[in-house]
Amino acid sequence: MPDVLRILDANANRAREAMRVMEEAARFILNDAALARQCKQLRHDLAAALTALPRQIALELHRDTTGDVGTRITTARETQRMDVQAVVIAAGKRLSESLRSLEEFGKLVDAKFAARIEKLRYRGYTIESALHERLGPSCPQWRVCVLISESLCAHHRWSDVAEAAIDGGADCVQLREKQLDADALLRRARKLVKL
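All residue numbers refer to position in the chain's written sequence, counted from 1. Local features are withheld for residues below a pLDDT of 70 in this predicted model, meaning they are given only at 70 or higher, and side-chain atom pairs are given and counted only at 80 or more; totals for whole chains, interfaces and linings count all residues. Only hydrogens and water are set aside; all other atoms, that is, all heavy atoms of the structure, feed into the side-chain values.

A. Region of interest: the pairing of strand E2 (residues 172-175). Relative to E2, strand E1 (residues 145-148) runs parallel, the two being bridged by four bridges. In the sheet register, Leu147 faces E2, and the bridge partner there is Gln174. When DSSP locates at least two bridges between a pair of strands, those strands are taken to pair. Numbering goes from the N terminus for both helices and strands, where a helix is a DSSP run of H or I of at least four residues and a strand is a run of E of at least two.

B. Molecular detail of unusual backbone geometry. Its identity is not glycine, yet Asn31 carries a phi of approximately 55°, on the positive side. Locating Asn31 in the fold gives a position in the loop between helix H1 (2-29) and helix H2 (33-51). Burial classes: relative accessible area under 20% of the type maximum marks a residue as buried, over 50% as exposed, and values in between as partly exposed (1.4 Å probe, protein chains only). In this structure Asn31 comes out as exposed when scored by relative accessible area, which is 62%.

C. Quick peek at the environment of Glu177. Topologically, Glu177 is positioned in the loop between E2 and helix H6 (182-194). Under the relative-accessibility criterion, Glu177 is labelled buried at 12%. Counting along the chain gives 132 residues from Glu177 to Asp45, while the straight-line C-alpha distance between them is 57 Å. Contacts are residue-level and defined by heavy atoms, with any inter-residue pair within 4.5 Å sufficient. Apart from residues no more than four positions distant in its own chain, Glu177 is found in contact with Ile148, Ser149, Glu150, Leu185 and Arg188. Of note is the side chain of Glu177, whose polar atom sits 2.5 Å from the backbone nitrogen of Glu150. Distance and chemistry together define a polar contact, namely a pair of N or O atoms within 3.5 Å, with one atom able to donate a hydrogen and the other to accept it when in protein, and with adjacent residues in sequence counting only for side-chain atoms on both sides.

D. Structural detail: the nonpolar core. Residue types Ala, Val, Leu, Ile, Met, Phe, Trp, Tyr and Cys, when buried and joined through side-chain atoms within 4.5 Å, form a set referred to as a nonpolar core. Counting 32 residues, the largest nonpolar core has Leu46 and Leu99 as its most contacted members. Sorting the residues of this core by element identifies H1, H2, helix H3 (84-106) and helix H4 (111-135) as the ones contributing at least two each.

E. Geometry of the packing of H1 against H4. In this analysis an axis means a line fitted to C-alpha atoms, helices contributing only their contacting stretch, and an angle means the value between N-to-C directions, from 0 to 180 degrees. Running from N to C, H1 and H4 point in directions that differ by 30°, and their axes come no closer than 11 Å. Our classification of the angle between H1 and H4 gives roughly parallel. Like other packed secondary-structure pairs, H1 and H4 cross with a definite hand, here left-handed. Across the interface between the two elements, Leu8, Met22, Ala26 and Ile29 from H1 touch Phe113, Gly124, Ile127, Glu128, Leu131 and Leu135 from H4. For this classification, the nonpolar set comprises Ala, Val, Leu, Ile, Met, Phe, Trp, Tyr, Cys and Pro, the charged set comprises Asp, Glu, Lys and Arg, and every other residue, Gly included, is treated as polar. Grouping the constituent residues of the contact of H1 with H4 by class yields eight nonpolar, one polar and one charged. Roughly parallel here means an angle under 35 degrees, roughly antiparallel means over 145, roughly perpendicular means 65 to 115, and every remaining angle is called oblique. By convention, the crossing between two helices is left-handed when the near helix turns anticlockwise from the far helix through less than a right angle, and right-handed when the turn is clockwise.

F. Structural detail: H2. One less than the number of residues in a helix, times 1.5 Å, gives the span that helix is expected to have. Across its 19 residues, H2 extends 27 Å between first and last C-alpha, which sits within 8% of the 27 Å expected from 1.5 Å per residue. Listing the buried residues of H2 in full gives Leu35, Ala36, Cys39, Leu42, Arg43, Leu46, Ala49 and Leu50. Down the axis of H2, the smallest arc covering the buried residues is 150°, so these residues share one side. Facing away from the buried side of H2, by more than 90 degrees, are the exposed residues Ala33, Arg37 and Thr51. Close packing links the buried residues of H2 with H1, H3 and H4. N-cap assignment for H2: the residue whose side-chain oxygen lies 3.2 Å from the backbone N of Ala34 is Asp32. Arc, as used here, means the arc of the directions from the helix axis to the C-beta atoms.

This is the structure in structure tokens:
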């Protein structure tokens, strides 16, 4: 049972951290008092569910950060975020995963606790969806986008211009050929993708 309590403790911490990130986005980025209040209430309701566990279960006493092999496992993806929405999406996913783990392992400790966590998980989904919608679609922000059209490449072949743009640091090259038929445009697009 101590291993299960370690799992519950780790996921309780993970869920609180994710909720805080989501709350900060609602509060400081969106300036949305109602959504920030929902996030805060969810965090407090998790704290109440944890406090309602039987007294003999003190999750903090089972914490072993130095002995946790997972603290040294990382991926490159978790150290990079493109924008605010990516931060919030990652927090939302972390929240749903940690609440699911709390719910499933919580069933081994207290069925009422697990049922409370399930309800919190569904509320978390709703908040995640609202934040995602309010922050708008996530798309890469290019520093340099070059439009390539053979008619504008008077002194050089279009493919040489595209290659020079890519070599020069363009992180987006958009093919614009309104006069080409579909087959020719597809061949040109495939060549550009290879570049």
